[in-house]
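Overview (structure and organization)
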Amino acid sequence: MTNPIVVRELIGVLRTRKAFALQLAAAATYGLLVLLRWPTNAEVGLSGAQSQQVFRVLSYGLVAAIVLLTPAFPATSLVEERRQGTLALLFNSPMSAWSIYWGKFVGVLGFAAILLVLSLPAMGACYAMGGIAWTGDVLMLYAVLAAAAVEYSSLGLLVSSYAGSTDSALRITYGLVLVLAVVALAPHLFVQGQPGLVAQAAEWLRCLSPIPAVMEILGQGDVASHGLISGRGTPERFILLSLAAAAASSLRTITRLNYTLFDRPRPSGKITQDRALGQRLFRRMVYIVDPQRRKQGIGALVNPVMVKEFRSRRFGRSHWMLRLIAGCAVVSLLLTYATSLGTIGWGVRTIGGIMAILQVALIVLVAPSLAAGLISAERESGGWVLLQMTPLSAARIVRGKLLSVLWPVALILLATLPGYVVMMYIEPQLWNQISLVLITLALAAVFALLASAAISSLFRRTALATTSAYALLVALFGGTMLVWLGHDAPFGREVVERALVVNPMATALAIVGVDRFIEYELVPANWWLMGWLSAASLLVLTVQTWRLTRPQ
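Bringing the overall build of the chain into the picture now. The helix and strand tally for the chain stands at 26 helices and zero strands. Counting all 552 residues of the chain, 48% fall into the buried class. Long-range pairs, those at least 24 residues apart, make up 79% of the contacts in the chain with a sequence separation of at least 6. On the chain, roughly 26,800 Å² of surface is accessible, and the fraction owed to carbon and sulfur atoms is 68%.

Structure representation (structure tokens):
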């Protein structure tokens, strides 16, 4: 009566050393957060302030764990089965599509459930300290976390049924999770407190993110509420929308679990030079960069590895880069329009903080997706053997690989600058702060690129390299913010400042002058740290690439 896929998926994950280390680290972190504020004199405050402080930090840590760790396993589940050929065996078994999906879903969801179960002792200690309601706080928090885990698991399985490789599945899944958790909050930031259908739609759109729901449970208002009173019932809305999204994703995935999943017909296309003269002239006028035009040969002074990456990677090709840059420019223009309107009630500094957060989110999303597979993808596909047979040195290979990622990241960041130009036009005295913010974001982009590339050189599997790169950057940019959430209690100002000094996003917010960040002195310490970490990552990448180029 037991679904064999559940046993294979869940037990297979739990038997790995990475899963054991992850569970051990999670349990130790949960316990440490409680010990930081546990009364040493056997007395508990009647107000429950200590338990509330630990409960908040523990809650945000659980949200970060669910958002970061849950999508990894479902995103690679079905695509790995298809690549290994075992998915065809499942279709030939007596199991129905519903049984296959249910086994996959319960298997990947079981690991997230274990992470939540490991937090129960720490949560029980918070409840024993007093000041926390069992139904309104603890149970509601775990209901929100469970709904988020269900939604992200079903979304990961849906992406896995479409993706052609594990690294693309991870990129798309983490990108969608970032959109649901962070980007969905942006419209509400600009239209909150206004009447009309647009404001109501933005109110429901922000409920797709677990952050407002958890903040309402913790009694901390809303994200960037600016003193406005937000409507209640956000946790209930989030649970409703998450379960609806999970049901829709599950139904779509189940309908795809058949033999048509292996049918991926692609038209061969026709080179532009082989078309008639009229068609060639028409395409020359329509396309800035014709995607079907035959490429020229690689010049003698051009790095062939860079050209190879641009031509073989989908988002490295010219027409895809132009589309991506155009999209970023459009978003920047929308932010510019919002900046000109938002300065009436908010101030330029608040909008600058929002733009800095969105730019950091773009760096975290794009840099690992492009750089985490530079070396690992070559080793996994067998292309590294061909590179070893060429007369290229390790330094030239590293330089070509890095340049192929540096150009897209730099162009994407440059396409988001019009908003800052308008800010300087509105308030010219912000020139110094904006220039410092741009330096901080540039150093953050360089570090994200080099760190992801260094991680790529340490792994043979692209999926592991991509997951590790995302985990490192999210822990650095978002994990240190958990310490900031506990400022004054349980963490003092010195501890918070030391934690934020490694976070470029916090540094940018402090430079802009965002409330509760302006008090910390993070420049130039963050610049020095980013520089040293980037140099260390480049050294690891160069040495590891040189070692891989040696005869095996």
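On we go from here.
For the coordinates displayed, the defined rule picks out ten salt bridges. Here Glu-380 and Arg-83 are joined by a salt bridge, their closest N and O atoms 3.4 Å apart. Pair noted here: Glu-380 is in helix H18 (residues 376-381) and Arg-83 is in helix H4 (residues 72-84), with a separation of 297 residues, a long-range link. On the basis of relative accessible area, Glu-380 is assigned to the partly exposed category, the value being 24%. With a shortest N-O distance of 2.6 Å, Glu-494 and Arg-498 are connected by a salt bridge.

The next subject is unusual backbone geometry. Look at the link from Val-523 to Pro-524: it is a cis peptide, with omega at 10 degrees. Assignment of secondary structure puts Pro-524 in the loop between helix H25 (504-512) and helix H26 (525-549).

Residues Phe-282, Met-285, Val-286 and Tyr-287 make up a contiguous nonpolar surface patch of about 450 Å² in total accessible area. With respect to the helices, strands and loops of the structure, Tyr-287 is situated in the loop between helix H14 (277-286) and helix H15 (304-312). Classification of Tyr-287 as partly exposed rests on a relative accessible area of 34%.

This next bit is on H25. The buried fraction of H25 is high, at nine of nine residues. Along H25, the residues classified as buried are Pro-504, Met-505, Ala-506, Thr-507, Ala-508, Leu-509, Ala-510, Ile-511 and Val-512. In this structure Asn-503 caps H25, since a side-chain oxygen of it lies 2.9 Å from the backbone nitrogen of Met-505. At the exit of H25 stands Gly-513, carrying a positive phi of roughly 100 degrees.

Right, let's get into the side chain of Arg-256. Of note, Arg-256 is situated in helix H13 (residues 234-256). Taking the relative accessible area as the measure of exposure, Arg-256 reaches 17% and is therefore buried. With sequence-adjacent residues up to four places away left out, Arg-256 is seen in contact with Ser-161, Tyr-162 and Leu-261.

This brings us to the packing of helix H7 (residues 120-128) against helix H8 (residues 134-162). Packing of H7 against H8 leaves a shortest axis separation of 12 Å and a crossing angle of 165 degrees. Viewed along their axes, H7 and H8 adopt a mutual orientation that is roughly antiparallel. The two elements H7 and H8 meet at a crossing, and its hand is right-handed. Residues Leu-120, Met-123 and Tyr-127 of H7 form the contact with H8, whose own contacting residues are Trp-134, Val-138, Leu-141 and Tyr-142. Residues of the contact of H7 with H8, tallied by class, amount to seven nonpolar, no polar and no charged.

Rules and cut-offs
- Residues numbered from 1 in each chain as written.
- Predicted model: local features only at pLDDT ≥ 70, side-chain atom pairs only at ≥ 80, totals over all residues.
- Heavy atoms only, no water.
- Helix = DSSP H or I, 4+ residues; strand = E, 2+ residues; numbered from the N terminus.
- Buried < 20%, exposed > 50% of the residue type's maximum accessible area, 1.4 Å probe, protein only.
- Contact = heavy atoms within 4.5 Å.
- Areas by Shrake-Rupley, 256 points an atom, 1.4 Å probe, with all protein chains shown as cover.
- Salt bridge = Lys/Arg side-chain N within 4 Å of Asp/Glu carboxyl O.
- Patch = residues over 30% accessible without salt bridge, like charges linked within 9 Å, V, L, I, M, F, W, Y side chains within 5 Å.
- Polar contact = N/O pair within 3.5 Å; in protein donor to acceptor, adjacent residues only side chain to side chain.
- Axes fitted to C-alpha atoms, helices over the stretch in contact; angles between N-to-C directions.
- Parallel < 35°, antiparallel > 145°, perpendicular 65-115°, else oblique.
- Left-handed = near helix turned anticlockwise from the far one by under 90°.
- Nonpolar A, V, L, I, M, F, W, Y, C, P; charged D, E, K, R; others polar.

All we've got here are geometric facts, nothing functional implied.
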